[in-house]
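Examination of the molecular architecture
Listed below, chain by chain, are the residues.
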Amino acid sequence: MAVELCLLLLLFCGSTISEVQPIYKPPPGTLDFGFVPAKTYDTGAYHEPGPIGILFKIVHAFLYLVQPNYFPQDLIRKLAQQKFGNTQGDYQKAIYYEIGFIVSAALGLLFILLLPLVGLCFCMCRCCDNCGGEMHQRQKKNADCQRSCFATFLFVASLIISVGVLCAYAANQHLTNQVRGAKKLVNSNFKDLKIFLNDTPAQIDYLVSQYNTTKDKALSDLNNVGPLLGNRVQEQLGKEVRPALDAALTMAGAIRETKEALENVSVSVEVLQEGTERLHANLTDVKMHLSNTLNDSACSAAQAASTCNIIRNSLHQLNINANFSGLPGVSSQLAKVNDVLKTDLSSLVQKGYAAFNDTPDLVVNQTRNILSDIKNLLESIGSNITTFTKTLPVQKILADLTIYLTQSEAYVQDYFPVVEQYDFYRWLGCLILCCMVVLILVFYYLGLLCGTCGYDKHASPTTRGCISNTGGNFLMAGVGFSFLFSWVLMIVVVLTFVTGGNVEKLVCEPFEDKTLFKVLDTPYLLNQHWKNYLSGILFKNPNINLTFEKVYSDCKENKGIYTSLHLEQLFNINEFLNVSMYTEDVALKIEHIQINLSKIILLDEIGKENLLNFSSSGIEGINFAAYLTEINKSVTKVDLLSFANDLEARADQLPKGALENALKGHANSIRMIHNQQVIPLEQAMKYVKARSTLNQSIRLLKRTSSELTVKVKNVISAVNAAQLLINNNASLVIVQETKKYMDTIVGYFEQYVEWVKESIAMEVAACKPIANVIDTAVDIFLCSYITDSVNTFWFGLGGSSIFLIPAIIFAVKLSKYYRRMDTEDVYDDTENGNNGYHKEHLYGIHNPVFTSSMEQW
């Protein structure tokens, strides 16, 4: 049923996907669909063992020493296909792989068989007063050294056994603690699975609801078809229309500037003519009077004749230099320009601008009916999606799966106390095994304690104290229990070693590096008729390339189940809801948009005639060179002040008399004319401004008149070309811009489709809980909780069992030095030939406290 749910959910999600193949894909405005609602999964499929993890690593290192071979993929495949043993090399490979476990298990079995047998023989031997069973001890000079060494070795062996049993106990307790805490982890996995089921419908609803975002954006663009499409058309046409209108408007401004310049020329020339004419009259008068003076008889005298001639020859300099009276007038040109300005060319151009700027409104008015059909089409798409979602029995399947999941959870909850009960039995059994070792250790430690504390080096073997004797008895008791328990302990160690070690090497390590998945993904492995087992189980189609490793990895990365299970190979989504059909309808309707801009008039015939009249106004016939020449001339031909000074200096050369005085009077008159008329003409604001204005106006007129006819024709030609573009070629621009506008609208649907695809692939029905369940079952429960704990248990218990052998030897040896003997050697350095050592049966020396029959073990 879970598979059916996945398929149905993905079918439902896929119903919103289409395969649009755009011809042109502009960069449309990016739509914000928000984030698919998703809750955070609680399960952290990772186990940190804590301090005991150090022991786990030591055990892993030991297992690597025992079994350093790589995972036998070929052998496992043959075993799964029941082909193992078909070739002779299979058993050899298996033995080679398991050689470490085989040798270790063989040694364990040897231990199990021989130690009880050795113990039995040892007991029988001691009963016959052999193997140290005779309660007699020879005195040796190095007895203290031997006793100390045996005690030390036994203590070290006991410590090692203690460490081993502590490791075993810690592993046993760790497993129990993890089993008790596993309930929380199991509940967390069930909770995540419920979230997985409950959130998926909401995620699907969110995907469907976000179609409204696409629709609203498309409707917004349709409602703004004027600013969008109209402005695009206007922008493209404006590349030629606006420069033409700008040129016409510039020419209208040039006409106004020309009029102002002509008026400035007329006024400035009048002002300058007034000043120069008055100066000319005064200079003429002074020159006439000065000439009359020079014609006096006094100038005929020999002393004055040369001076008078010099002065007479310089009289022609007394004249104006800049003569503005002779400049041609501009009244005729000004009259023609005024006639041109009677028609407001700027207003006509502005009407052209206004008509062209009304393009968006024309687009809105001419596309109103088509846009209404497109809006209805968008609404129908949303209705179809909503209708389709209602036909899918998602809620029913989800409800069934939720019930199934709840029942499974209840079953686990009911069965969990049974697991805890059996785990308690296991814990108790392991504890008993640990207690066996602890009992042996207790006897050893008590024996060492009592023997060491009660030992008296001055006492003879037959007179040792009670405490020392008790210590020896404890040691022998430990030896006896070692023989009784060691083989039982080793049986448990061998069984758990072979089982736990192989689980670690054949399951846990391959699972961690995903080698196990590669084996499971072997074609025809689990079913000889199926190439891909997982797709055959889930979809009844083994030809779909669906692997355990890929599904696990995708779910581990929390990808959507659509991506993880490769459901795109099972569903042709267009069969359920082909959005491309609707986008094609939208595109077709947009392509039928027809926009007529022939009503736009950029510049009428009156405006063009006005431009032609301006070009024939005659301003190009003005003699600009004459004006500029007079402007650049000085006011007078000679500096009047210098001329007056020179005249006065020459008058001083004449004899004293009326002639000298008359010439000096004329010099003063010239100075007065310079101060009262020349200086104002050069410095007074009225004349300076008039001269500057005339200069600027003439230069402006010169620039304007330069190729004026050509400029006007170019403006008219540009306007005509722009008008021709609007009337005849605007349809091509409109088609191009309409296509871009259409692609923008369609681009919103494509964005929605891509977002839905990405959301389904990565966010909808994210299957992290499935990977968590696998990790919890294999990596945490089987490997971390059980296998690591079991392996650590046999590692500690096995080490303790092995070190029982040296402990037995040292305990037997050491007990001789602690127990009270029945007889002892007597040293006599004077009697017989026995070097002073005499036996009890020769001399009859008996233990004063105990007899041999009471002490022998």
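Residues numbered from 1 in each chain as written. Predicted model: local features only at pLDDT ≥ 70, side-chain atom pairs only at ≥ 80, totals over all residues. Heavy atoms only, no water.

A separate point is the overall build of the protein chain. Assigned secondary structure in the protein chain consists of 29 helices and two strands. The 857 residues of the protein chain split such that 46% are buried. Here the contacts in the protein chain between residues at least 6 apart in sequence split such that 88% fall between residues at least 24 apart. When the accessible surface of the protein chain is summed, it comes to about 42,800 Å², and 58% of that surface belongs to carbon and sulfur atoms. (Helix = DSSP H or I, 4+ residues; strand = E, 2+ residues; numbered from the N terminus. Buried < 20%, exposed > 50% of the residue type's maximum accessible area, 1.4 Å probe, protein only. Contact = heavy atoms within 4.5 Å. Areas by Shrake-Rupley, 256 points an atom, 1.4 Å probe, with all protein chains shown as cover.)

A word on the side chain of Asn172. In this structure, Asn172 sits in helix 5 (residues 143-209). Exposure remark for Asn172: the relative accessible area of 1% places this residue in the buried category. Among residues more than four places away in sequence, those in contact with Asn172 are Arg426, Trp427, Cys430, Leu431 and Phe793.

Moving on, we come to the packing of helix 2 (residues 53-66) against helix 26 (residues 768-802). Following both chains from N to C, one finds helix 2 and helix 26 inclined at 75°, their axes separated by 9 Å at the closest point. The angle between helix 2 and helix 26 places the two elements in the roughly perpendicular class. Between helix 2 and helix 26, the contacting residues are Leu55, Phe56, Ile58, Val59, His60, Phe62 and Leu63 on the first element and Ser784, Asp788, Ser789, Asn791, Thr792, Trp794 and Phe795 on the second. A breakdown of the residues in the contact of helix 2 with helix 26 according to their chemical character gives eight nonpolar, five polar and one charged. (Axes fitted to C-alpha atoms, helices over the stretch in contact; angles between N-to-C directions. Parallel < 35°, antiparallel > 145°, perpendicular 65-115°, else oblique. Nonpolar A, V, L, I, M, F, W, Y, C, P; charged D, E, K, R; others polar.)

This part covers the pattern of salt bridges. Any two side chains of opposite charge can pair if their charged atoms end up close together. Here the structure, examined in full by the defined rule, presents seven salt bridges. With a closest N to O distance of 2.8 Å, Lys194 and Glu409 form a salt bridge. With Lys194 in helix 5 and Glu409 in helix 13 (residues 394-454), this residue pair connects regions lying 215 residues apart in the sequence. Of the charged contacts in the structure, one is a salt bridge between Asp775 and Lys556, with a shortest N-O distance of 2.4 Å. Note that Asp775 is positioned in helix 26 and Lys556 in helix 17 (residues 548-556), a separation of 219 residues in sequence. Each of Lys550, Asp554, Glu557 and Lys559 takes part in a single network of salt bridges with overlapping partners. (Salt bridge = Lys/Arg side-chain N within 4 Å of Asp/Glu carboxyl O.)

All right, on to the environment of Cys453 then. Following the sequence through the fold, Cys453 ends up in helix 13. Taking the relative accessible area as the measure of exposure, Cys453 reaches 58% and is therefore exposed. Considered as a pair, Cys453 and Gly471 are 18 residues apart in the sequence and their alpha carbons are 9.0 Å apart.

Under the defined criterion, the tally for this structure stands at 21 aromatic pairs. The interplanar angle of 25° and the centroid separation of 4.8 Å between the aromatic rings of Phe33 and Trp755 together place this pair among those described as stacked. Here Phe33 is found in the loop between helix 1 (2-14) and helix 2, whereas its partner Trp755 is found in helix 25 (residues 708-762), with 722 residues between them in sequence. Here the two residues Phe33 and Trp755 agree in accessibility, since each one is buried. Between the aromatic rings of Phe62 and Trp794, the centroid separation amounts to 6.0 Å while the plane-to-plane angle is 55°, which identifies the pairing as tilted. With Phe62 in helix 2 and Trp794 in helix 26, the pair connects residues that are 732 residues apart, well separated along the chain. You can call Phe62 partly exposed: its relative accessible area is 31%. By relative accessible area, which is 4% here, Trp794 ends up buried. Every member of this aromatic cluster is reached through a ring pair, and the members are Phe62, Phe101, Phe497, Trp794 and Phe795. (Phe/Tyr/Trp six-rings, centres within 6.5 Å; stacked < 30°, edge-to-face > 60°.)

Moving on: helix 10 (residues 345-357). Along its 13 residues, helix 10 runs 18 Å from first to last C-alpha, staying within 8% of the 18 Å computed at 1.5 Å per residue. Those residues of helix 10 not exposed but buried are Leu345, Ser346, Leu348, Val349, Gly352, Tyr353, Ala355 and Phe356. (Expected span 1.5 Å × (residues − 1).)

With that out of the way, let us pick up the nonpolar core. Formed by 55 residues in total, the largest nonpolar core has its most connected members in Leu207, Leu378, Leu546, Leu565, Trp755 and Val764. If one sorts the elements of this core by residue count, helix 5 sits on top with nine residues. In this structure Leu207 touches Val36, Tyr752, Trp755, Val756, Ser759, Ile760 and Val764, once residues within four positions along its chain are discounted. Counting 49 residues, the second largest nonpolar core, distinct from the first, contains Leu475, Val479, Leu804 and Leu814. (Core = buried A, V, L, I, M, F, W, Y, C linked by side-chain atoms within 4.5 Å.)

Turning our attention to the state of the cysteines. As enumerated under the stated definition, the model contains two disulfides in all. Here Cys508 pairs with Cys783 through a disulfide, and the sulfurs are 2.1 Å apart. Disulfide Cys508 to Cys783: torsion about the S-S bond roughly -100°, handedness left-handed. In this pair, Cys508 sits in helix 14 (residues 466-512) while Cys783 sits in helix 26, placing the two residues 275 residues apart along the sequence. Take Cys508 and Cys783: they sit in the same class, and that class is buried. Between Cys555 and Cys767 runs a disulfide, and the two sulfur atoms are separated by 2.2 Å. (Disulfide = S-S within 2.5 Å.)

You will see that Lys514, though not glycine, has its phi angle at about 65°, which is positive. Among the secondary structure elements, Lys514 is positioned in the loop between helix 14 and helix 15 (515-520). Positive phi is not limited to glycine here, since Asn558 has a value of about 65°. What makes Asn558 partly exposed here is its relative accessible area of 30%.

Let's shift gears to the environment of Asn223. By secondary structure assignment, the location of Asn223 is in helix 6 (residues 211-223). Since its relative accessible area comes to 48%, Asn223 is described here as partly exposed. Residues Asn223 and Lys375, spaced 152 residues apart in sequence, show a C-alpha to C-alpha distance of 9.4 Å.

So, on to the environment of Leu446. As for its placement among the helices and strands, Leu446 is situated in helix 13. A sequence separation of 32 residues divides Leu446 from Gly478, and the C-alpha atoms of the two residues are 9.6 Å apart. Setting aside residues no more than four positions away along its own chain, Leu446 makes contact with Gly451, Gly471 and Phe474.

Tracing the backbone through its elements, the reader meets Asn791 in helix 26. What makes Asn791 buried here is its relative accessible area of 0%. At 3.4 Å, the side chain of Asn791 forms a polar contact with the backbone oxygen of Gly500. The residues touching Asn791, leaving out its near neighbours within four places in the chain, are Val59, Leu63, Thr496, Gly500, Gly501 and Glu504. (Polar contact = N/O pair within 3.5 Å; in protein donor to acceptor, adjacent residues only side chain to side chain.)

Let us look at the confidence of the model for the protein chain. On average, residues of the protein chain score 75 in pLDDT, and 73% of them reach the 70 mark or higher. Segment residues 827-857 is flagged for pLDDT under 50; beyond a separation of four residues in sequence, or across chains, it makes 54 contacts in the model. (pLDDT = per-residue confidence, 0-100.)

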